[in-house]
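# Chain and residue survey
So you can see what is in the structure, the chains are spelled out below.
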Amino acid sequence: PNQCCYLNLGSKTALAIYKKKDRYFQLVQNIYSGNVVPKNAEQLFAYHMLMDPGIDLVTLSGDAGVGKTLLAISAGYTQVFSRYDRLSIFRPTNELGEELGFRPGTLEEKFAPWTKPIYDAFYIMLGFNKKHAPITNMAASPKKKSGSKKIAQMESFALSEKPQGVHAAVQSLIDNGYLMMSPINFIQGQNFFN
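Note that the structure is a prediction, hence the values are computed from the model and not measured.

## Quick look at the pairing of strand 2 (residues 12–19)
Relative to strand 2, strand 1 (residues 3–9) runs antiparallel, the two being bridged by seven bridges. Among the inter-strand pairings, leucine 7 is bridged to a residue of strand 2, identified as alanine 14. Where strand 1 hands over to strand 2, the hairpin turn is made up of two residues, of which glycine 10 adopts a positive phi near 65°. Taken together, the four bridges between strand 2 and strand 3 (residues 24–27) define a ladder with antiparallel strand orientation.

## Topic: unusual backbone geometry
Both trends apply: most residues other than glycine have a negative phi, and most peptide bonds are in trans. We note that asparagine 2 has phi near 60°; this positive angle belongs to a residue other than glycine. Within the secondary structure, asparagine 2 is located in the segment before strand 1. Even without a glycine there, the phi angle at arginine 23 is positive, about 55°. For arginine 23, the position within the fold is in the loop between strand 2 and strand 3.

## Points about the packing of aromatic side chains
Across all of its chains, the model carries three aromatic pairs by this definition. For the pair tyrosine 6 and phenylalanine 45, a centre-to-centre distance of 5.8 Å together with 90° between the ring planes defines the contact as edge-to-face. Taken together, the residues tyrosine 6 in strand 1 and phenylalanine 45 in helix 1 (residues 41–51) connect sequence positions 39 residues apart. Judged by its relative accessible area of 5%, phenylalanine 45 is buried.

## Let's talk about the environment of asparagine 194
Within the secondary structure layout, asparagine 194 lies in the segment after strand 5 (179–183). Distance in space between the C-alpha atoms of asparagine 194 and arginine 83 is 7.9 Å, their sequence separation being 111 residues.

## What to know about the sheet that holds strand 3
Reading across from one edge, 1-2-3 is the order of the three strands in this open sheet, with antiparallel pairing throughout. Of all strands in the sheet, those bounded by a partner on one side alone are strand 1 and strand 3. On average, adjacent strands in this sheet sit at an angle of 45° to one another, irrespective of strand direction. Contacts from helix 1 reach strand 1, strand 2 and strand 3, with the element oriented near 30° to strand 2.

## Looking at the nonpolar core
Counting 28 residues, the largest nonpolar core has Ile73, Leu87, Phe122, Leu179 and Met181 as the members making the most contacts within it. Of all the secondary-structure elements, those providing two or more residues to this core are helix 1, helix 2 (68–79), strand 4 (87–91), helix 3 (107–125), helix 5 (165–175) and strand 5. If we skip the residues at most four places from it in the chain, leucine 87 touches Ile73, Gly76, Tyr77, Val80, Phe122, Tyr178, Leu179 and Met180. Judged by nonpolar contacts, the second largest core, of eight residues, contains Leu44, Phe45, Met49 and Ile55.

## Comments concerning a nonpolar patch on the surface
Together, Ile184, Ile187 and Phe192 give the surface a local cluster of nonpolar side chains, amounting to about 230 Å² of exposed area. Inspection of the secondary structure puts phenylalanine 192 in the segment after strand 5.

## Regarding the pattern of salt bridges
By the definition in use, this model includes two salt bridges. A salt bridge links lysine 19 to aspartate 52, with the shortest nitrogen-to-oxygen separation between them at 2.5 Å. With lysine 19 in strand 2 and aspartate 52 in the loop between helix 1 and helix 2, the pair connects residues that are 33 residues apart, well separated along the chain. The exposure class of lysine 19 is buried, given its relative accessible area of 12%. Classification of aspartate 52 as buried rests on a relative accessible area of 12%. One salt bridge in this structure joins lysine 116 and aspartate 120, with 2.9 Å as the shortest N-O distance. Taken together, the residues span about one helical turn, with lysine 116 and aspartate 120 both in helix 3 at a distance of four residues.

Analysis parameters
- Residues numbered from 1 in each chain as written.
- Predicted model: local features only at pLDDT ≥ 70, side-chain atom pairs only at ≥ 80, totals over all residues.
- Heavy atoms only, no water.
- Pairing = 2+ DSSP bridges.
- Helix = DSSP H or I, 4+ residues; strand = E, 2+ residues; numbered from the N terminus.
- Phe/Tyr/Trp six-rings, centres within 6.5 Å; stacked < 30°, edge-to-face > 60°.
- Buried < 20%, exposed > 50% of the residue type's maximum accessible area, 1.4 Å probe, protein only.
- Axes fitted to C-alpha atoms, helices over the stretch in contact; angles between N-to-C directions.
- Contact = heavy atoms within 4.5 Å.
- Core = buried A, V, L, I, M, F, W, Y, C linked by side-chain atoms within 4.5 Å.
- Patch = residues over 30% accessible without salt bridge, like charges linked within 9 Å, V, L, I, M, F, W, Y side chains within 5 Å.
- Areas by Shrake-Rupley, 256 points an atom, 1.4 Å probe, with all protein chains shown as cover.
- Salt bridge = Lys/Arg side-chain N within 4 Å of Asp/Glu carboxyl O.

This is a description of form; function is not addressed.
Pasting the structure below:
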């Protein structure tokens, strides 16, 4: 089920995902949202599966820097308001190299070093990496909830607050209940709905 395939016919190649239950190959179109564009077949397969409502769990593996976090966060954020109520992001807190030891402060302050890839993803997704580029509301959908207008306003405010804008945008999403970030250490026993 959901096997990613290259279908070759002479010099032409198509990308498809095999839907075992329905016994057909689903063509993989070049879908993307906003400022995140898959750059190769593997990223395109991953993004397609992340956006497929028929797939409950997608596990991405690969070397550092291949786009796993960016694609996953982009696909999740795109589906908030149209399909889901909130995007929940869990990160492991494994350290590379020597341990830094005890960190003072709140859980959020201690977790901050592991949230940098999340902020980096939002930096790209919300268009902060483009000079004078307007922020596009990637959650735009005809079925979106009324909260998405508020999100668009928060994103516009965040753009005007460069360079801290991405932090303001992410914090606004958190404050309004559309985004949750947490160390994976504390996921046990939690319940998640929609």
